[in-house]
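Remarks on the overall topology
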Amino acid sequence: MLSLAGCSSSSSDFVDTSHNASQTSFEWNLPERYPLPVEPIANQMSEEKFQLGRHLFYDTRLSGNGTQACASCHIQEHGFSDGIALPTGSTGELLARNSQGLMNVAYNATQTWANLALITLEEQALVPLFGENPIEHGIDDSNKEEVLDRIRNEARYQSLFNDAYPELGDPIAFNTIRDAIVSFVRGMVSFNSAFDRFEQGDATALSAAAHRGRQLFFSEELECFHCHGGYHLSDSTMDRSMSFVNRPFHNTGLFNIGGTGDYPHDNTGLFEITADPSDMGKFRAPSLRNVALTAPYLHDGSAATLGEVLEIYAAGGRLITTGPHAGDGRLNPFKSSFVTGFNMSEQDKNDVIAFLQSLTDNSFVSDPRFSNPWN
């Protein structure tokens, strides 16, 4: 018996995909200056798997009650986030964490907000599909056969699965579904922003305000680049050129409940995994690419605008004066040493926001290659 995040599945639900036949090579279409992402041997990219995954990503039939798709919480026009503070699962359960944008997740050293054990997209994909706390897609023993039957009964999937897995007699199974979805998400690369064009030598790509904001962003005064640096704009980065991979998490002083350093009990960050007090409130720094499209912000979606986020960092943390979460995050004993606060004029704030807006890749969020194929 195999168990996927609480979903016990018989061997008939899975098929051996270890010997894939030759398929159409996947084209990453990356600018020369950017390295290729890591591609696991057990799930090598192909155009056929990418296209199958694209269909599955947008299909609500891939949930226990047939109401929720991956795209329900990851919408292209929002940089594949969802534009709300906290999403709900297929059964109506409110999730504790904000839906992150999915562009360039192939370069993440860890997946999700705060789990050092989830280092591959293949592992992460099991969480929304089969997870029980919280319930997202809600696939479990009571409905897994129904879910597979829904997929088998869609005529378009017969050719899509056969093209993606031509060596298999009956390729429709949970691991081929997972691997195809992951292939689609891994292929969501986004490197055509004004910032990218500037980095590649186009001195006119940034406005004057964005250029000033770039200088502030990468300055020691603001220190943004320590956690959001490099081509991925995150210090949690992995690619094929690396011999050593760092997987950091940071407490940014958003809470300090009761002055003890505590975060809300249902959202304590890395502490939930390690139970180490020093990991209280630590989360992975997400990439800032397309950040202007992915509001609201922070792990709990509690900051509505980029300006609000900048003000929290300028203050060196967040002060909450009333309510159950009252406390001075600026004094959180577990706060990162990079979150010390800084002086920022209104012009400075507007300039940094202009720079963050220059990270938007409009071609990515309008590219039909990533759009809903069922339309």
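Below: a short report on this structure. (Residues numbered from 1 in each chain as written. Predicted model: local features only at pLDDT ≥ 70, side-chain atom pairs only at ≥ 80, totals over all residues. Heavy atoms only, no water.)

Looking at the overall build of the protein chain
A count of helices and strands for the protein chain gives 11 helices and four strands. A compact globule built from 375 residues would reach a C-alpha radius of gyration of about 21 Å, and the protein chain, at 21 Å, matches this within 12%. Along the three orthogonal principal directions, the C-alpha set of the protein chain runs to about 65 × 50 × 40 Å. Out of the 375 residues in the protein chain, the part that is buried amounts to 55%. Look at the contacts in the protein chain between residues 6 or more apart in sequence, and 68% of them connect residues 24 or more apart. Element-wise, carbon and sulfur atoms account for 52% of the exposed surface of the protein chain, whose accessible area totals about 15900 Å². Side chains of the protein chain carry 24 positive and 47 negative charges; the gap between the two charge centres is 3 Å. (Helix = DSSP H or I, 4+ residues; strand = E, 2+ residues; numbered from the N terminus. Rg over C-alpha atoms; globule rule 2.2 N^0.38 Å. Buried < 20%, exposed > 50% of the residue type's maximum accessible area, 1.4 Å probe, protein only. Contact = heavy atoms within 4.5 Å. Areas by Shrake-Rupley, 256 points an atom, 1.4 Å probe, with all protein chains shown as cover. Lys, Arg positive; Asp, Glu negative; His and termini not counted. Charge placed at Lys NZ, Arg CZ, Asp CG, Glu CD.)

Concerning the nonpolar core
Formed by 48 residues in total, the largest nonpolar core has its most connected members in Leu52, Leu56, Phe57 and Phe161. If you list the elements that add at least two residues to this core, you get α1 (47–57), α2 (121–130), α3 (144–152), α4 (155–164), α5 (174–186) and α11 (362–366). Counting residues per element, this core draws most heavily on α5, which supplies seven residues. Contact partners of leucine 52, with chain neighbours within four places excluded, come to Tyr157, Leu160, Phe161, Ala164, Tyr165 and Ala180. With 30 residues, the next largest nonpolar core counts Leu233, Tyr263, Ile353 and Leu359 among its residues. (Core = buried A, V, L, I, M, F, W, Y, C linked by side-chain atoms within 4.5 Å.)

Section: the state of the cysteines
Taken as a whole and judged by the stated rule, the model has zero disulfides. Cysteine cysteine 227 is unpaired, with the sulfur of cysteine 224 as its nearest cysteine sulfur at 9.1 Å. (Disulfide = S-S within 2.5 Å.)

Here we look at α5
Over its 13 residues, α5 runs 18 Å from end to end, which matches the ideal 18 Å to within 8%, given 1.5 Å per residue. The buried fraction of α5 is high, at 13 of 13 residues. (Expected span 1.5 Å × (residues − 1).)

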